[in-house]
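Residues per chain, in single letters:
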There are 2 protein chains.
Amino acid sequence: MTVTVTAVEVHDVRFPTAAAGDGSDAINRGDYSASYVELRTDAGVTGAGFTFTNGRGNELTCAAIQALAHHVTGRTVEEIFADPVAFWRSLSADVQLRWLGPEKGVIHMATGALVNAVWDLRAKLAGKPMWQLLAELPTEELVASVDFHHITDAITPDEAAAILDKGLIGLDERRAGLERDGFPSYTTSVGWLGYPDDKVRALTRQAYTEGWRAMKMKVGGPPADDLRRARIIREEIGPDALLMMDANQVWDVDEAITNMTALAEVDPYWIEEPTHADDILGHARIARAVTKLTDGRCRVATGEVAANRVIFKQLLQAEAIGVMQIDACRVGGVNEVLAEILMAAKFGVPICPHSGGVGLCEYVQHLAVFDYLRVGTSLDGRMVEYVDHLHEHFVDPVRTREGRYLLPTAPGYSSTMRPESIAEFRFPDGPVWR
Amino acid sequence: MTVTVTAVEVHDVRFPTAAAGDGSDAINRGDYSASYVELRTDAGVTGAGFTFTNGRGNELTCAAIQALAHHVTGRTVEEIFADPVAFWRSLSADVQLRWLGPEKGVIHMATGALVNAVWDLRAKLAGKPMWQLLAELPTEELVASVDFHHITDAITPDEAAAILDKGLIGLDERRAGLERDGFPSYTTSVGWLGYPDDKVRALTRQAYTEGWRAMKMKVGGPPADDLRRARIIREEIGPDALLMMDANQVWDVDEAITNMTALAEVDPYWIEEPTHADDILGHARIARAVTKLTDGRCRVATGEVAANRVIFKQLLQAEAIGVMQIDACRVGGVNEVLAEILMAAKFGVPICPHSGGVGLCEYVQHLAVFDYLRVGTSLDGRMVEYVDHLHEHFVDPVRTREGRYLLPTAPGYSSTMRPESIAEFRFPDGPVWR
């Protein structure tokens, strides 16, 4: 019995977050939005996926999904997963559309939305949450899902298979641990750049009381302000909890090194996006400087805007990152994220997925759990970002307890949005935007 | 007297080139297209710009231009050029749209189209061809046109100013030389991957007869085919003419090194895009290998898909390229190309602009001439790509003589398309597409 995708429906959904200062940082001030896609099938099951954007321009990623949709409509789930790389390349290497990336920006984010919808559909048909579907797949099928084109100088299919085979050992124990304790996470809700000092202090205190022992603040404002806000958070959380910083690419390379020299005082655990997302050599220089400045206590993290597996490959090869922040829908969806997770394991760098926005927590919890269960196999240095926004719009929202994500149990990728939310926030005709 | 942009008009123009095999290579098979923009003004003069795409998806770059247009409409030319970086950032760093790049792909190509249209407008108002407008600008104004954000670790405003000041020496002699002899170029029309052997031989012979002494072929097919075709061209052009190769990113890093080991036999002058456009470290490894293989005779070239100045910066810092192939409309237009041209000079790498497609020859001749006159100051290793397609659709088409571009003389950036061509090839309603 085959399941055929009969139609691809795309919705431009936007939440008016900019006015509140939520999500404000050194570079972005956005209305969190989703280019949301539903794959209708002849089996009555719907696959849901999306890519996340920052408001204006969400119509472009929606249009890009429409431009790629003909590669999905009419295909069967069985056919797609019989040759997953061929399917993935039909989207990522379309002989005309590839020029618009290649494998980056609008067109690649659209690929991610469609690819994730296909995987959500498969997980729903299998009756398993995505993390479980992935963790239980045979090694050869996981390896066959990865496009190794342009990354064979960093990882080969044989190396990937060896990592995945090894990941089968102890998998049941790790799973039992997660079912009992949940997955470690950290919160970014305390220190957006748009928040005044007293709000930062109050939110930090509240988060600490709720059990969070790792918090991230935005930096990249005037250096004196960054340091003042960092001291407030450090005061509130004491010396043992982790304090992470995120500059959202605003600094030049030498500026990043100068500013981190001052911020080292508050013992940061990582500096995220210290400079332009494409600057692999710059990140590597900053990493060397920060390691020296802090005796290796502080590391460089990046990934939410890393365009594709080729950028991640180089960040690892250049020893530019000590934390790899995969994103679920910036790159070409599950298939490409698998490549990234496997490379991180090969290079011994822990994964702490990028999250927040709208729906990103829902997505990435599955990826982090799969990584731990089947690839990375250790929780050392692993945590998922958590931001307490917009979960109410999802059918299967994330659940947390004392600073930890609880394992999702519903079938699928937790990517299905509530129809009422789509109707209310659809741009430009939903009631919120009219 | 000020000139105000009163409206931004966007046209989706596509030429049905895919069927002929023109422009076919290892990755692309496209209908050469332009997302074409016209800036209407209250002075009766129209600024024209475009970005080049490969057919399907041209509606996405057109929509992205529309999404950015509000940053241009209503502004005066005087205001824009009073603070050019502020203008450029209003497009490239829009707090919501930046997420869709950043500074790459669809949204950045749209920036390029608009920025180029603004410069075309300015050059027309000044009554000068773009190369002349740029070459005659005071050093401080050229420096003020460059956004040095994220590249100060490679070049500072002071270093740029020193280069531009030095470029004033001997400028008149260089200009007289170009007026007499034209600018060196090479042809890509002989060796598209879609052409059979006898067509390659015939076209090569014809080009040689016409005066061309540098020719580029596509590689990246089966290695034996690449070598056979390369031998045909080398036979026809003799040992002294230059033979360049272009793999259009199809190879993995080690594969590129292996294949170039075989192709070294025909003495290639450069290997272009040997691997993924984002792979700076990969290009650097290939460059080291190819240099060794050929005693430094063959170099690595890339740039037509380099997303922005940060990628070019790293290609130079990593010594990954011996030829820098700037593109006029892949990056954010004239302002960003200026940054790239200045960095190339700082690192001592010659510029050979990417061309072909539709309208790219028209654009880049101005950039190459400006580079030679004011920045690079030498013709050693400098040539502009030439492809003999679609020039008839432009009001001020390129003119060549014996393998050299003749200096443009009409005011503007040669980017204005003929209204009849727009009407005929407009997608989807032009007669050609109906």
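Criteria and thresholds
- Residues numbered from 1 in each chain as written.
- Chains lettered and ligands numbered in written order.
- Predicted model: local features only at pLDDT ≥ 70, side-chain atom pairs only at ≥ 80, totals over all residues.
- Heavy atoms only, no water.
- Buried < 20%, exposed > 50% of the residue type's maximum accessible area, 1.4 Å probe, protein only.
- Helix = DSSP H or I, 4+ residues; strand = E, 2+ residues; numbered from the N terminus.
- Contact = heavy atoms within 4.5 Å.
- Pairing = 2+ DSSP bridges.
- Axes fitted to C-alpha atoms, helices over the stretch in contact; angles between N-to-C directions.
- Parallel < 35°, antiparallel > 145°, perpendicular 65-115°, else oblique.
- Nonpolar A, V, L, I, M, F, W, Y, C, P; charged D, E, K, R; others polar.
- Phe/Tyr/Trp six-rings, centres within 6.5 Å; stacked < 30°, edge-to-face > 60°.

Student: Before we move on, can you summarise helix H3 (residues 84–92) of chain B with the specific residues and values?
Tutor: With seven of nine residues buried, H3(B) lies mostly within the body of the structure. In this fold, the buried residues of H3(B) make contact with helix H1 (58–68), helix H2 (77–82), helix H4 (105–126), helix H6 (139–144), helix H13 (309–317) and helix H14 (333–347) of chain B.

Student: Could you give me a rundown of the sheet that holds strand S3 (residues 47–53) of chain A, with the residues and numbers involved?
Tutor: Residues and elements named next belong to chain A. Strand order in this open sheet of three strands is S1-S2-S3, and the pairing throughout is antiparallel. Taken across any chain shown, the strands that pair with only one partner, and hence form the sheet edges, are strand S1 (5–14) and S3. Averaged over neighbouring strand pairs, the angle between their axes works out to 15 degrees when direction is ignored. For strand S2 (residues 33–41) and S3, the ladder comprises seven bridges, and the chain directions are antiparallel. Its bridge partner being in S3, Leu 39 is matched across the sheet by Gly 47. Relative to the sheet, helix H1 (residues 58–68) contacts S1, S2 and S3, its axis offset from that of S1 by approximately 175 degrees. Along the sheet, helix H4 (residues 105–126) contacts S1, S2 and S3; its crossing angle with S3, the most-contacted strand, is approximately 150 degrees.

Student: Lay out the packing of H13(B) against H14(B) with the relevant residues and their values.
Tutor: Helix-helix packing is described using two parameters, namely the angle between the two axes and the distance between the axes. Residue and element names in this part refer to chain B. The contact between H13 and H14 brings their axes to 10 Å, and the two run at 5 degrees. Judged by the angle between their axes, H13 and H14 are roughly parallel. Judged by residue contacts, Arg 309, Phe 312, Lys 313, Leu 316 and Gln 317 of H13 engage Glu 336, Ala 339, Glu 340, Met 343, Ala 344 and Phe 347 from H14. Within the contact of H13 with H14, the residues separate by chemical class into six nonpolar, one polar and four charged.

Student: Which residues make up the packing of aromatic side chains, and what values go with them?
Tutor: All names here are of chain A. For the coordinates displayed, the defined rule picks out 26 aromatic pairs over all chains. Here the aromatic rings of Tyr 363 and Tyr 413 are separated by 4.6 Å at their centres, their planes lie at 55 degrees, and the arrangement is tilted. Here Tyr 363, found in helix H15 (residues 360–376), pairs with Tyr 413, found in the loop between strand S12 (404–405) and helix H16 (419–425); they are 50 residues apart in sequence, far enough to count as distant. Exposure remark for Tyr 363: the relative accessible area of 0% places this residue in the buried category.

All we've got here are geometric facts, nothing functional implied.
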